[in-house]
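What the coordinates show
One letter stands for each residue in the lines below.
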Amino acid sequence: GAGVSQTPSNKVTEKGKYVELRCDPISGHTALYWYRQSLGQGPEFLIYFQGTGAADDSGLPNDRFFAVRPEGSVSTLKIQRTERGDSAVYLCASSQGPNEKLFFGSGTQLSVL
Amino acid sequence: AQSVTQLDSHVSVSEGTPVLLRCNYSSSYSPSLFWYVQHPNKGLQLLLKYTSAATLVKGINGFEAEFKKSETSFHLTKPSAHMSDAAEYFCVVSDLAGANNLFFGTGTRLTVIP
């Protein structure tokens, strides 16, 4: 596709459940980013991949959050034992490389009941 | 540490009048500064970027921003608002060493009145 694709667009889950959020970056983009946007706030950095490796995961809030990018393309953000406070829009972005322009997806709205 | 403060959570202007969205930054380094726009149900889109070249930066859709180091400001302006400009605008800072970690402001919602 032409842009960054995120699936699902909406995810409703119950407290304590496990969820996976998927991001398909723009083809050829080596850098991939995850951000989280809570209601009424700006996006907050979670993790950055360069290729297959996590170059910076300093934004992950705790060890319930984990992300992978095994083949250097699609990435999955995984959240274990979800809490109501995890409810937010999770944004993915990709770029041709570090310090290049970021292209954002439309996000996944996660609601934890 | 880097941070930005967007001074107005909501700005309302009439169509055809000027737009001013205010942003002040704090950075330990020579910063890169950005403005992003977020339309409902659409991804964030880069409007413009400052990286220590010209202090007046021109972006898409007629927007521009001026970097003022003495005031630590990076305000976004447009001479004449259009209905399609109604959206959420974010001021963003990163250090030059790594644009991978962007620090977003809390956003300013722009309403354009016909």
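Residues numbered from 1 in each chain as written. Chains lettered and ligands numbered in written order. Predicted model: local features only at pLDDT ≥ 70, side-chain atom pairs only at ≥ 80, totals over all residues. Heavy atoms only, no water.

1. Looking at the pattern of salt bridges
To be explicit about the condition: Salt bridges, as used here, are contacts in which a Lys or Arg side-chain nitrogen is within 4 Å of a carboxyl oxygen on Asp or Glu. Counting from the N terminus, the helices are the DSSP runs of H or I reaching at least four residues and the strands are the DSSP runs of E reaching at least two. To sort residues, take the accessible area from a 1.4 Å probe on protein chains only and compare it with the maximum for the residue type: under 20% means buried, over 50% means exposed, and anything in between is partly exposed.
Counting across every chain of the model gives 7 salt bridges over all chains. Note that B:D8 is salt-bridged to B:R22, the shortest N-O span being 3.0 Å. Note that B:D8 is positioned in the loop between β1 (3-6) and β2 (10-14) and B:R22 in the loop between β3 (19-21) and β4 (23-26), a separation of 14 residues in sequence. The class of B:R22 is partly exposed, set by a relative accessible area of 32%. A salt bridge links B:R109 to B:E88, with the nearest nitrogen and oxygen atoms 3.0 Å apart. Taken together, the residues B:R109 in strand β12 (residues 108-113) and B:E88 in strand β10 (residues 87-95) connect sequence positions 21 residues apart. According to the relative accessible area criterion, B:R109 is partly exposed, its value standing at 43%. Judged by its relative accessible area of 12%, B:E88 is buried. When salt bridges with common partners are traced through the structure, they connect A:R64, A:E83 and A:D86 into a single cluster.

2. A short note on the packing of aromatic side chains
All names here are of chain B. The test is simple: Ring pairs shown here join Phe, Tyr and Trp side chains whose ring centres sit within 6.5 Å, with only the six-membered ring taken for Trp; geometry is labelled stacked below 30 degrees between planes, edge-to-face above 60, and tilted in between.
Counted by the stated rule, this structure contains 13 aromatic pairs over all chains. Pairing F63 with Y89 gives two aromatic rings, centres 5.5 Å apart and planes at 45°, and the pair type is tilted. Within this pair, whereas F63 is found in the loop between β7 (56-58) and β8 (64-68), its partner Y89 is found in strand β10, the two being separated by 26 residues in sequence.

3. Concerning the interface of chain B and chain A
To be explicit about the condition: Contacts are assigned to residue pairs that have any heavy atoms within 4.5 Å of one another. A 1.4 Å probe defines the accessible area here, and the buried area is the portion of it lost by two parts on being joined, summed over both. Any pair of N or O atoms that falls within 3.5 Å is considered a polar contact. Within protein, one atom must be able to donate a hydrogen and the other to accept it, and sequence-neighbouring residues count only if both atoms are side-chain atoms.
Between chain B and chain A, the residue contacts involve 19 residues of the former and 18 residues of the latter. Both faces considered, chain B and chain A share a buried interface measuring about 1,400 Å² in area, 52% of it formed by carbon and sulfur atoms. Remark: the boundary between chain B and chain A carries 0 salt bridges. Inspection of the chain B/chain A interface yields 2 residue pairs in polar contact (both at pLDDT 80 or more). Breaking the side of chain B that touches chain A down by element, the ones donating at least two residues are β5 (31-38) and β6 (45-50) of chain B.

4. Some words on the environment of B:F103
For B:F103, the location among the structural elements is in strand β11 (residues 103-104). The spacing of B:F103 and B:C23 is 80 residues in sequence and 13 Å in space, taken between C-alpha atoms.

5. A short note on the sheet that holds strand β8 (residues 75-79) of chain A
Residue and element names in this part refer to chain A. To be explicit about the condition: For two strands to pair, DSSP has to find at least two bridges joining them. What counts as an axis is a line fitted to C-alpha atoms, over the stretch in contact for a helix, and the angles between N-to-C directions run from 0 to 180 degrees.
In space, the 4 strands of this open sheet follow the order β1-β3-β8-β7, with antiparallel pairing throughout. Looking at the sheet topology across the chains shown, the edges are occupied by β1 (5-7) and β7 (65-68). Adjacent strand axes in the sheet meet at a mean angle of 15°, parallel and antiparallel pairs treated alike. By the bridge criterion, 5 bridges tie strand β3 (residues 19-24) to β8 in an arrangement that is antiparallel. Within β8, the residue paired with L21 across the bridge is L77.

6. Regarding the state of the cysteines
Counted only if it meets this: Disulfides are defined as pairs of cysteine sulfur atoms found within 2.5 Å of each other.
Applying the stated rule across the entire model yields 2 disulfides over all chains. Bridging A:C23 to A:C92, the disulfide has an S-S length of 1.9 Å. Between A:C23 and A:C92, the S-S dihedral sits near -70°, and the bridge is therefore left-handed. Taken together, the residues A:C23 in strand β3 and A:C92 in strand β9 (residues 88-95) connect sequence positions 69 residues apart. Given a relative accessible area of 0%, A:C23 falls into the buried group. Taking the relative accessible area as the measure of exposure, A:C92 reaches 0% and is therefore buried. Two residues, B:C23 and B:C91, share a disulfide whose sulfurs are 2.0 Å apart.

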